[in-house]
Amino acid sequence: MASAVLSIATQCVSPNASSLSINETHKGKAKLGGSTLRFSKSSGRISMTVAVNVSRFEGIPMAPPDPILGVSEAFRADTNDVKLNLGVGAYRTEELQPYVLNVVKKAENLMLERGDNKEYLPIEGLAAFNKATAELLLGADNPAIKEQRVATVQGLSGTGSLRLGAALIERYFPGSKVLISAPTWGNHKNIFNDARVPWSEYRYYDPRTVGLDFEGMIEDIKAAPEGTFVLLHGCAHNPTGIDPTPEQWEKIADVIQQKNHIPFFDVAYQGFASGSLDEDAASVRLFVARGMEVLVAQSYSKNLGLYAERIGAMNVISSSSESATRVKSQLKRLARPMYSNPPVHGARIVANVVGTPVLFDEWKAEMEMMAGRIKNVRQKLYDSISSKDKSGKDWSFILKQIGMFSYTGLNKNQSDNMTNKWHVYMTKDGRISLAGLSLAKCEYLADAIIDSYHNVS
Ligand code: KET
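Throughout what follows, the structure given in this document is the object of discussion. Here the residue numbering is sequential within each chain, running from 1 through the sequence in written order. Only residues with pLDDT of at least 70 are given local features in this predicted model, and only at 80 or more are side-chain atom pairs given and counted; all residues enter the totals for whole chains, interfaces and linings. As a rule here, side-chain values cover all heavy atoms of the structure and leave hydrogens and water aside.

1. Structural notes on the site of the ligand
By convention in these notes, a residue is near a molecule or strand provided one of its non-hydrogen atoms lies within 4 Å of it. The ligand sits among 16 residues. The nearest are Ser157, Thr159, Asn238, Asp266 and Ser299. As used in this structure description, the phrase polar contact means that two N or O atoms lie within 3.5 Å; if the pair is within protein, one of them must be able to donate a hydrogen and the other to accept it, and residues adjacent in sequence are counted only when both atoms belong to side chains. Within the side chain of tryptophan 185, an N or O atom sits 2.9 Å from an oxygen atom of the ligand. Protein coverage of the free-state accessible area of the ligand, which is 520 Å², stands at 93%. The greatest single-element share of the shell around the ligand, amounting to three residues, is contributed by helix H5 (residues 157–172). In this count, Pro and Cys sit with the nonpolar residues alongside Ala, Val, Leu, Ile, Met, Phe, Trp and Tyr, while Asp, Glu, Lys and Arg are called charged and the others, Gly among them, polar. Of the residues in the shell around the ligand, the class split is five nonpolar, seven polar and four charged. Accessible surface is estimated by sampling points in the Shrake-Rupley manner with a 1.4 Å probe; for residues, cover comes only from the protein chains shown. Every helix listed is a DSSP run of H or I at least four residues long, and every strand listed is a run of E at least two residues long, numbered separately from the N terminus.

2. Description of the packing of aromatic side chains
Under the pairing criterion, centres of Phe, Tyr and Trp rings, with the six-membered ring standing for Trp, must be within 6.5 Å; the plane angle then separates stacked pairs below 30 degrees from edge-to-face pairs above 60, leaving the rest tilted. Scanning all chains against the criterion turns up 15 aromatic pairs. Taking the centre distance of 5.9 Å and the plane angle of 65° together, the rings of tyrosine 91 and tyrosine 99 count as edge-to-face. The class for tyrosine 91 is buried, based on a relative accessible area of 3%. Aromatic pair tryptophan 395 and tyrosine 453: ring centres 5.4 Å apart, planes at 70°, arrangement edge-to-face. Of this pair, tryptophan 395 sits in the loop between helix H13 (357–388) and helix H14 (397–400) while tyrosine 453 sits in helix H16 (residues 442–455); the two residues are 58 residues apart in sequence, bridging distant segments of the chain. Note that lysine 393 overlies the ring of tryptophan 395, its terminal NZ or CZ placed 4.8 Å from the centroid. Here the term buried applies to any residue with accessible area under 20% of the maximum for its type, exposed to any over 50%, and partly exposed to those in between, with areas from a 1.4 Å probe on protein chains only. Only when the NZ of Lys or the CZ of Arg is both within 6 Å of the ring centre and within 35 degrees of the ring normal is a charge said to sit over the ring.

3. Digging into helix H2 (residues 102–114)
Expected helix span is given by 1.5 Å per residue-to-residue step, counting one fewer step than there are residues. For H2, with 13 residues, the first-to-last C-alpha span of 18 Å sits near the 18 Å given by 1.5 Å per residue. Residues Val103, Val104, Ala107 and Met111 constitute the buried set of H2. Buried residues of H2 fall within an arc of 105° about the axis and therefore sit on the same side. Summarising the geometry of H2, the exposed residues directed more than 90 degrees from the buried face are Leu112 and Glu113. A positive backbone phi angle near 65° is found at glycine 115, which sits one or two residues after H2. In this context, the arc is that of the directions from the helix axis out to the C-beta atoms.

4. Brief notes about the pattern of salt bridges
Side chains that differ in sign of charge can pair as their charged atoms come close. Any carboxyl oxygen of Asp or Glu that lies within 4 Å of a side-chain nitrogen of Lys or Arg is treated as forming a salt bridge with it. Going through the model one piece at a time under the given rule, you end up with 18 salt bridges. Taking the shortest distance from any N to any O, the salt bridge between arginine 149 and glutamate 147 comes out at 2.8 Å. According to the relative accessible area criterion, arginine 149 is buried, its value standing at 12%. A residue is classified by how much of its surface remains accessible, and glutamate 147, at 44% relative accessible area, is partly exposed. Note that lysine 421 is salt-bridged to aspartate 451, the shortest N-O span being 3.0 Å. Taken together, the residues span a long stretch of sequence, with lysine 421 in the loop between helix H15 (412–420) and strand E17 (424–425) and aspartate 451 in helix H16 at a distance of 30 residues. Overall, the relative accessible area of 11% leaves aspartate 451 in the buried class. One network of salt bridges, in which partners are shared, links Arg203, Glu219 and Asp220.

What follows is the structure in structure tokens.
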């Protein structure tokens, strides 16, 4: 509430005030509309304070809903039983219920038995987690790890780790730009904008082939000024579900190396693309094996289902152990005033799962199960659409895409129709999360897509 102090002559006191009483202490109060007027009298003059109901935050406009997480909010508000949430990339069971992995429950039981405490972690996070996460990413016997060239700092999942990497770029590479794929995960641009790191886009998706615009991608990476950071999705590109082939990765590495660029990998789906942790890290490992310096943000939201635990890591693979040590010290310095130190629970779960061979094997089996369920609904969705749609349109791109999502090619109006008419909640770029789809709902979804595609322009 803002206040304004007015000093006015007695005869100017508002005649419209609904009540006005000035007592012996020469003070009074009146209500006028939504405002409170306070009076005090001295030497024949009345001074009046007006407390106006105008917020100091008047200048802050309403923010739009988040393009991804806002979809879940809208979904929750819909009371229709047929509703389907294909917005956020979060794994659901065939019954469309959230899923806590058995290995996670087992790791948590271990933690309870041990009576682990809740002391602060060091700024860089849990040592056992940092070791496990770098090994999972690069392979335990990677020379970069042996030579201590990897600076790993536990981060607040993928997003927080990317944000930390962005802060490092902003501080130590002023003016450097980040190249981002077009399209990309909606939050990438926000992350670099908020860190004040300029970015521009490289071509990635070709709507004509519903595939990778490899030529365009290479041209744009080549055209960027030397020393540009190139943001790459390690596997299961979000939102397109289209990844470069191993041969294309080699060519991408060639250009990045020639131009002295710095690759910055976002690895949010390790294990979710192919079902294999090693295969899904092949892109990152290829760059590291060439001796290149690489940044990698990791997330355990999807592959270990630890969405709300906010567990991930920022890794900088450097060409010497000395520079890795210096980089790590600066990552810690950036983290300390942002969030001080990271949460321990998810870090212990990951460390226990990766560090206990029986649990590690069980995790791989559960991940294959999750990736397998998504592959099954992908196939069923394709079968349903292609048998129902008599127009001759080729829907085979659904099968070619990998990971949690299908990039349907539906435009904003068509996506709106999916939600408004069919109660199918999805992002406006036409992405659907197959992780939120069941076999039982494939026919319904096929009807919704066919209607939206053919009947809405
Ligand atoms: N990178 C990519 C490519 C990504 O898709 C996500 C999450 C993240 C990083 C970060 O996830 P975190 O939970 O911070 O580790 N994507 C899903 C959820 C979201 O938008 O936050 C999504 O695209 O639906």
